[in-house]
Amino acid sequence: MKLKKLIQNSLIGFVFMSTFYSNSWAENPFAKKGDYKDMDQWGMGGCGLASLFIKEKDMLPQIAASFVNGISGSTQSSAITTGSSNCVASRNDLAAKEQEVFITVNLSSLSKEAAQGSGDHISALAEVFGCPNEQFAKLSQTKYQQIYSQNEPTVVLKNYLKEVKSDQNLSKICLRII
Amino acid sequence: MFLDSKKVSGKNLTYTDELIADATSKKLWETRAWKKILFIPDRFLSLNQKSLISEKSFFLSVDGKNNPEHELIASLNSFQESIPINPPKDYMHPQCKHPARFYWLVNELKIDDKKFVFQKCPELHKFIDYLDYEGVSLVFSNYIADGPGSLFGHTFLRLHRNTNNSSESAILDDIANFSAFVPAIKGLLYPIKGLAGGYQGRFSVMPYYQKIQEYNNYESRDLWEYKLNLTKNEIRMLELVLWEMGSTYIDYYYLDDNCSYVMLALLEAAKPDLYLTGKTLIYAIPSDTIRIVTKTPNFVTNITYRPSVLSRYLNRMAVLSKNENNFVEQVLSNYDSLSSLDFKNCDKFCKARVIDASLEYIDYKEKLVGSNEPIIYQNLRNKLLIARANDAVKSEPLKNDPQSSPPHLGHDSGLLSLNLGSSFSGDVFSDIRFRPALHDIEANENGYSNGLGVGFLDTILRADYKNSLIYLKNFHLLEITSLPEQVPNIDFLAWHFDTGYEYGFGYGDAASQGREYLKLGIGSALFGFQNQFLLFSIVEADVGYSKDFGAHIGPTVLLGAMAKLSHSCKIVAKSELSKRFNKDRNIDAMENSLNLSYFMVQNFETQLSLTNKEGVSEVSLGLRIYF
């Protein structure tokens, strides 16, 4: 059966497989620069998206090498079968790690939309912090230089927490500022 | 304790026998839902009942992969087994490991929880509670301007979170993806393994924003989301199936058992009254699967579009005045000296528009995602961002005009055409053409790109009625044409690749000889009148071999023009001039063609062609059918 499939498939597609510089149907390594500096801390327990989807230490070099795309395959199987074992059920409890992962993966989009004062990613970050969207976007723009002083997700997260806490209004209403 | 458990399991055994008898009388294993949970697809023209799942541990009976009946009985038996006293570390009770089939059987057989031990599955329930999706979309990632390979696309499912303000948190949703797990070091066998099923295809659930970064920003591909009409119960089934699939794998074949085909199988498992997998032919091309889904009545409820960074850049540029356009050009050519620019007659709103366009340009050029820093434009980007924030102008929302019509409006990928024609000297012929995939620039570009063509195994047979002869006229093993449209400040290269066989390749005796060839060329394309008109020229290197003439090499110049006369009418003119040299002599070749296409409906086109090859003119009228 496998032989039949091999012949059938080889006939139809060998050329186009080997000719295209990338095959979008496969998980190709992505972002080869790989400088997602804090990536190797992600899987280390805690709760949230990261711990749900990225778990095993052995898989981490692969994730660092292939970033977004590589979070698949055997990482997935172990994560999905063990489920969110160390995760409290409600999404409201996802906090620090989720915020860090979100900022790491989206930093370039966030910095742009923060400076622009609106956008999908900045709205999503507002939600990750549990802040009202409009006010959060405004704060991101007015405090842009203080918050995005470095291109370093952990620093950006720290700066956000600091600025939100020192904002009279937001400090009272944001739900997930720890 | 010991007695207790014996008593319980004794009682269960009889009840299980009852259940098996009930299932047997109902022939439950013949129901579509059961087969779909086991991932048995409908195969085109085949009654073979075989699951897609490759891992043996997924099946509870030895021949479960091919035998839904044995698998159902083995499942019922295993669901009543008791937990071992010292379970292995990764032990999971069959009820917890296979919840999709368990809950389906519970419903079908009305399994009584007083007579049957329902196991506690805390891991599973945390997983399900965490997911708790309220909607599902099928997402298609579209082509990129200069990447014909991406024309085939990729599909995955967006899983909408249960949230009140869903519009704001779209990118906080999750996705379910099926993909080959390819090791970082691919090795020489990479293409072979991909075709022969040497890699494991696995499901993964991950945040949507990761795919948005990957497709929209890194690869600059638009995303089209097709919201599906699924009930809460069907979505719950989907979640359970995803859990079952998480621990197993499917041999990944690039051509048929690929991401898109398995997505169809997954949707059938969630909603068994869907008929999707049987509608793909031998191979499954992602854009075809989108059309299969959209043609299912009442299944797609809404279509949304998520622009790539290149599309965002084009949209930002589209609203600029001529003056603002010049400013963008100045900003970008002046790597890191924003402050030295003289923004005369440009207020803070004008500046915001200029900066917004420039930022998208930089993000596109640098493939900027995550915390990666730009390399060429690092200083400039920082300065732009600070200047932008200081002006405190809120960005106007993007118009988000798609650069192309949605993929489901495109023609199907297979082509069959019949042309009837005559040479000017009166010889009558017909051409029969078959091409499994995908698109050429003569065809209707609805759902495709205006200047991208990919064709493989394109075969044209000619029946020559005068000489009562049928012969192979052309065979393009692979042909790619990439004529990307002009984008301000970005220069895309036009290129053409073609390899195959042709009958007649030059004046004189070469006109009645065949040859194998390989052509590769680069050039430029010029679009005008809102991309309704296109001129291109490509210079090619051509190597070939013919039995009589031998190996040869030479240059080819390809000139062309394309004009869209209306939304259903298109004219393409091409002229190709070549010289073929070998050690003994050289042969000239010339081919001109004029092609008028009329697009009747999505999958039917008529063509009127006038060609002149090596001085012999012919005219033909044809019908193209896509399937």
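Residues numbered from 1 in each chain as written. Chains lettered and ligands numbered in written order. Predicted model: local features only at pLDDT ≥ 70, side-chain atom pairs only at ≥ 80, totals over all residues. Heavy atoms only, no water.

(A) Local environment of the overall build of chain B. Helices and strands together make up the secondary structure of chain B, namely 15 helices and 20 strands. Viewed in the frame of its principal axes, chain B has a C-alpha envelope of about 95 × 75 × 45 Å. Intrachain contacts of chain B at a sequence separation of at least 6 include 63% that bridge at least 24 residues. Carbon and sulfur atoms provide 57% of the accessible area of chain B, an area that totals close to 26200 Å². Each charge sign in chain B was given a centre, from 66 positive and 74 negative side chains, and these centres are 3 Å apart. (Helix = DSSP H or I, 4+ residues; strand = E, 2+ residues; numbered from the N terminus. Contact = heavy atoms within 4.5 Å. Areas by Shrake-Rupley, 256 points an atom, 1.4 Å probe, with all protein chains shown as cover. Lys, Arg positive; Asp, Glu negative; His and termini not counted. Charge placed at Lys NZ, Arg CZ, Asp CG, Glu CD.)

(B) Representation of the side chain of Asn419 of chain B in the model. Residue and element names in this part refer to chain B. Mapped onto the fold, Asn419 is located in strand S8 (residues 415–423). Taking relative accessible area as the criterion, Asn419 reaches 9% and is therefore assigned buried. Side chain to side chain, Asn419 and Ser620 meet in a polar contact 3.1 Å long. Once residues lying within four places of it in the same chain are set aside, the contact partners of Asn419 are Phe429, Ser430, Asp431, Ser609, Ser620, Leu621, Gly622 and Leu623. (Buried < 20%, exposed > 50% of the residue type's maximum accessible area, 1.4 Å probe, protein only. Polar contact = N/O pair within 3.5 Å; in protein donor to acceptor, adjacent residues only side chain to side chain.)

(C) Up close: the state of the cysteines. One pass over the full model with this rule turns up three disulfides over all chains. Along chain B, the cysteines engaged in disulfide bonds are linked according to the scheme 1-2, 3-4 when indexed in sequence order. (Disulfide = S-S within 2.5 Å.)

(D) Highlighting helix H3 (residues 68–79) of chain B. Residues and elements named next belong to chain B. The terminal C-alpha atoms of H3 lie 16 Å apart, and with twelve residues this matches the ideal 16 Å at 1.5 Å per residue to within 8%. Taken residue by residue, H3 has Pro68, Glu71, Leu72, Ala74, Ser75, Leu76, Ser78 and Phe79 as its buried positions. With a side-chain oxygen lying 3.0 Å from the backbone nitrogen of Glu69, the N-terminal cap of H3 falls on Asn67. (Expected span 1.5 Å × (residues − 1).)

(E) Structural context of the confidence of the model for chain A. All names here are of chain A. This prediction gives chain A a mean pLDDT of 62; 47% of its residues lie at or above 70. Mean pLDDT across the elements of chain A ranges from a minimum in helix H3 (residues 60–70), with 27, to a maximum in helix H8 (residues 144–147), with 97. Here residues 13–94 scores under 50 on pLDDT; set against residues more than four positions off or in separate chains, the count is 221 contacts. (pLDDT = per-residue confidence, 0-100.)

(F) Structural detail: the packing of aromatic side chains. Taken as a whole and judged by the stated rule, the model has 25 aromatic pairs over all chains. Taking the centre distance of 5.6 Å and the plane angle of 50 degrees together, the rings of Phe129 of chain A and Phe136 of chain A count as tilted. Taking the centre distance of 6.1 Å and the plane angle of 40 degrees together, the rings of Phe505 of chain B and Phe549 of chain B count as tilted. Here Phe505 of chain B is found in the loop between strand S13 (494–503) and strand S14 (514–528), whereas its partner Phe549 of chain B is found in the loop between strand S15 (533–546) and strand S16 (550–566), with 44 residues between them in sequence. (Phe/Tyr/Trp six-rings, centres within 6.5 Å; stacked < 30°, edge-to-face > 60°.)

(G) Summary view of the environment of Phe456 of chain B. One can find Phe456 of chain B in strand S11 (residues 452–464). Residue Phe456 of chain B is classed as buried on the basis of its relative accessible area, which comes to 3%.

(H) Quick look at the packing of helix H5 (residues 99–109) of chain B against helix H9 (residues 232–246) of chain B. Residues and elements named next belong to chain B. One can describe the packing of H5 onto H9 by two numbers: an axis separation of 7 Å at closest approach and a directional angle of 135 degrees. As far as their axial angle goes, H9 and H5 are oblique. Between H5, through Pro99, Ala100, Arg101, Tyr103 and Trp104, and H9, the contact on the second element is made entirely by Met237, Leu240, Val241, Trp243 and Glu244. Residues that form the contact of H5 with H9 fall into these classes: eight nonpolar, no polar and two charged. (Axes fitted to C-alpha atoms, helices over the stretch in contact; angles between N-to-C directions. Parallel < 35°, antiparallel > 145°, perpendicular 65-115°, else oblique. Nonpolar A, V, L, I, M, F, W, Y, C, P; charged D, E, K, R; others polar.)

(I) Expanded view of the nonpolar core. Core analysis: the largest hydrophobic core is formed by 78 residues, its most contacted members being Phe39 and Leu157 of chain B. Considering each element in turn, this core owes the most residues, ten residues, to helix H10 (residues 259–270) of chain B. Contact partners of Leu157 of chain B, with chain neighbours within four places excluded, come to Val136, Ser137, Leu138, Asp174, Ile175, Ala176, Leu238, Met263, Leu266 and Leu267 of chain B. With 70 residues, the next largest nonpolar core counts Val101 and Ile177 of chain A together with Leu172 and Phe492 of chain B among its residues. (Core = buried A, V, L, I, M, F, W, Y, C linked by side-chain atoms within 4.5 Å.)

(J) Layout of the environment of Lys227 of chain B. Residues and elements named next belong to chain B. As for its placement among the helices and strands, Lys227 is situated in strand S5 (residues 223–228). For Lys227, a relative accessible area of 29% puts it in the partly exposed group. Along the primary structure Lys227 and Ile460 are separated by 233 residues, whereas in three dimensions their C-alpha atoms are 40 Å apart. Excluding residues that lie within four positions of it along the chain, Lys227 makes contacts with Gly135, Val136, Ser137, His160, Phe299, Val300, Thr301 and Asn302.

(K) Spotlight on the pairing of S14 of chain B. Residue and element names in this part refer to chain B. As paired strands, S13 and S14 are joined by ten bridges and run antiparallel to one another. Opposite His496, over in S14, you have Gly521 as the bridge partner. Where S14 and S15 come together, 13 bridges link them in antiparallel fashion. Paired with Leu520 across the strands is Ala541, a residue of S15. Connecting S14 to the next strand, S15, in antiparallel fashion are four residues, including Phe529 with a positive phi near 45 degrees. (Pairing = 2+ DSSP bridges.)

(L) Examining the packing of H3 of chain B against H5 of chain B more closely. Residues and elements named next belong to chain B. Two elements in contact, H3 and H5, have axes whose closest approach is 11 Å; the angle formed by their N-to-C orientations is 95 degrees. What the angle tells us is that H3 and H5 run roughly perpendicular. Judged by residue contacts, Glu71, Leu72, Ser75, Leu76 and Phe79 of H3 engage Arg101, Phe102, Trp104, Leu105 and Leu109 from H5. Considering only residue class, the contact of H3 with H5 consists of seven nonpolar, one polar and two charged.

(M) Structural context of helix H12 (residues 309–318) of chain B. For H12 of chain B, the buried fraction is high: nine of the ten residues fall into the buried class. Taken together, the buried positions of H12 of chain B are Val309, Leu310, Ser311, Arg312, Tyr313, Leu314, Asn315, Arg316 and Met317 of chain B. Those residues of H12 of chain B that are buried lie in contact with helix H5 (96–116) of chain A together with helix H8 (208–218), strand S7 (300–306), helix H13 (322–333) and helix H14 (348–365) of chain B.

(N) Looking closely at the sheet that holds strand S3 (residues 174–181) of chain B. Residue and element names in this part refer to chain B. Strand order in the open sheet made by the seven strands is S6-S4-S3-S2-S1-S5-S7, with antiparallel pairing throughout. With one partner strand each, in any of the chains shown, strand S6 (250–252) and S7 form the two edges of the open sheet. Strand-to-strand, the axes of this sheet are offset by a mean angle of 35 degrees, without reference to chain direction. In the sheet, strand S4 (residues 199–207) pairs with S6 via three bridges, with the strands oriented antiparallel. Following the sheet pairing, Gly201 is matched in S6 by Ile250.

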